[in-house]
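Residues per chain, in single letters:
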Amino acid sequence: MHDYHAHSVYSDGGHLGPMLDAAAEAGLEGVGFADHCSVTRDDHWVAKRDRYARHFDLTYERRRDAIERLRGEYDLAVHDAVEVDYEPGSEDRIAAFLDEAGFDYALGSVHYVGRHTVFSFEDFSTPGTPAPETVVADYYDAVVALASSELFEIAAHVDVIEAHPQLAGRRTDEQVRRVADAFAASRTVPEVNAKRTTRDGEPDLHPTDDLLRALRDRGVRFTVGTDAHRPGEFAERVDALARVCDTYDIEPVSPADLRRRGGSRPRPAE
Ligand SMILES: [Zn+2]
Ligand SMILES: [Zn+2]
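Criteria and cut-off values
- Residues numbered from 1 in each chain as written.
- Chains lettered and ligands numbered in written order.
- Predicted model: local features only at pLDDT ≥ 70, side-chain atom pairs only at ≥ 80, totals over all residues.
- Heavy atoms only, no water.
- Phe/Tyr/Trp six-rings, centres within 6.5 Å; stacked < 30°, edge-to-face > 60°.
- Helix = DSSP H or I, 4+ residues; strand = E, 2+ residues; numbered from the N terminus.
- Buried < 20%, exposed > 50% of the residue type's maximum accessible area, 1.4 Å probe, protein only.
- Lys NZ or Arg CZ within 6 Å of the ring centre and 35° of its normal.
- Donors = N, O, S within 2.8 Å, 3.2 Å for Na, K, Ca; no water.
- Salt bridge = Lys/Arg side-chain N within 4 Å of Asp/Glu carboxyl O.
- Expected span 1.5 Å × (residues − 1).
- Arc of directions from axis to C-beta.
- Contact = heavy atoms within 4.5 Å.

(A) Spotlight on the packing of aromatic side chains. Applying the stated criterion to the full structure yields 10 aromatic pairs. Taken together, a centroid distance of 6.0 Å and an interplanar angle of 25 degrees make the contact between F56 and F103 stacked. A residue pair is termed long-range when its members are at least 10 positions apart, and F56 in the loop between α2 (43–48) and α3 (60–71) and F103 in the loop between α4 (91–101) and β4 (105–109) qualify at 47 residues. Comparing F56 with F103 shows no difference in burial state: the two are buried. Where Y139 meets Y140, the ring centres are 5.1 Å apart and the plane angle is 80 degrees; that geometry is what we call edge-to-face. Grouping residues by exposure puts Y139 and Y140 together as buried. In this structure an aromatic cluster arises from ring pairing among F56, Y60, F97 and F103. We note R51 situated over the ring of Y52; from NZ or CZ to the ring centre the distance is 5.9 Å.

Here you go:
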């Protein structure tokens with residue numbers, strides 16, 4: 001199994017060496033570091049770029065040198081990747097950055113809609129915040145736009161809002177259908193993501209059941225990602241991902257397949 005989605009100290013994760021030790025220990029054949037990156041021009045998010053460690057566009061070459069040196073020391077494939085904040089309307093800027101940087105592959109993620117993140121610390125019951133139904137609708141619109149843009153090889157945690165107590169369970173069948181149709185028509189592959197942890201400590205997988213089934217029923221392929229930020233997070237999440245692949249009869253996309261599918265960006269010749 002290749003874990004296509006882990007973080008390092010080049011954004012908000014652990015040091016490369018200990019992360020690789022833990023990935024190898026968890027039995028992975030390969031691990032991809034997909035550090036956070038934002039190329040937004042929105043003042044609100046530009047101001048938060050450094051706070052949330054999303055300036056990987058300035059440091060990716062340093063991490064690339066480090067990965068190059070570490071590759072010889074480990075018996076697993078190490079992929080040089082990125083997780084970009086997707087914001088509808090910023091496609092040209094994202095494409096220009098990805099073309100210039102030339103990662104092995106790129107993940108795209110919807111982490112915020114408007115001025116609000118979709119993470120559980122965000123409180124949508126306070127005055128001035130949009131209604132949860134509006135956030136859910138805007139979120140899935142952005143996920144559909146992400147799939148249609150084909151900017152990314154992988155779409156990360158496509159229903160991460162289901163982990164937010166005020167947003168969970170509100171999506172409509174129509175929204176599920178639109179997201180599934182968008183990925184069925186796109187070269188971008190959604191991932192099965194094991195990041196979120198339920199209250200009893202078990203990994204909580206995304207996409208959640210009805211969306212996972214809708215995607216699988218349309219023949220959509222998947223990658224898997226632990227979204228590990230700390231070495232200790234690999235083992236349990238790798239096990240959980242193996243179980244979900246078994247349950248849903250998912251054969252994750254191989255690195256060669258992923259390169260062949262590519263996004264709309266020019267790909268290096270095989
Ligand atoms: Zn993410
Ligand atoms: Zn991530």
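(B) Focus on the coordination of the zinc ion (ligand 2). The protein atoms that coordinate the zinc ion (ligand 2) are H5 (NE2), H7 (NE2), E83 (OE) and D227 (OD), at distances spanning 2.0 to 2.3 Å. The metal-metal distance between the zinc ion (ligand 2) and the zinc ion (ligand 1) comes to 3.4 Å, with E83 coordinating both. Judged by its relative accessible area of 0%, H5 is buried.

(C) Seen up close, unusual backbone geometry. Residue H206 is joined to P207 through a cis peptide bond whose omega torsion reads 0 degrees. A positive phi is found at H157, a non-glycine position, where the angle reads about 25 degrees. Here H157 shows up in the loop between β7 (154–155) and α6 (173–184).

(D) Fine view of the pattern of salt bridges. Going through the model one piece at a time under the given rule, you end up with 20 salt bridges. For D35, the salt bridge goes to R63, with nearest N and O atoms at 2.9 Å. Taken together, the residues D35 in strand β2 (residues 30–37) and R63 in helix α3 connect sequence positions 28 residues apart. Here the two residues D35 and R63 agree in accessibility, since each one is buried. Across the salt bridge formed by R178 and D141, the nearest N and O atoms sit 2.9 Å from each other. One end of the pair, R178, is in helix α6; the other, D141, is in helix α5 (residues 132–149), and 37 residues separate them in sequence. Take D141: its relative accessible area is 37%, and that puts it in the partly exposed class.

(E) Summary view of the coordination of the zinc ion (ligand 1). For the zinc ion (ligand 1), the protein coordination sphere consists of E83 (OE), H111 (NE2) and H157 (NE2), at 2.1 to 2.2 Å. All donors to the zinc ion (ligand 1) come from one chain, and their sequence spacing reads E-x27-H-x45-H.

(F) How the structure looks around α6. In a regular helix each residue adds 1.5 Å, so 12 residues correspond to 16 Å; α6 covers 16 Å between its end C-alpha atoms and thus fits that length. When α6 is considered as a whole, its buried residues turn out to be Q175, V176, V179, A180, A182 and F183. Looking straight down α6, one finds that the buried residues subtend no more than 160 degrees of arc, so they occupy a single side. If you follow the buried residues of α6, they end up packed against α5, β7, β8 (189–193) and α7 (209–217).

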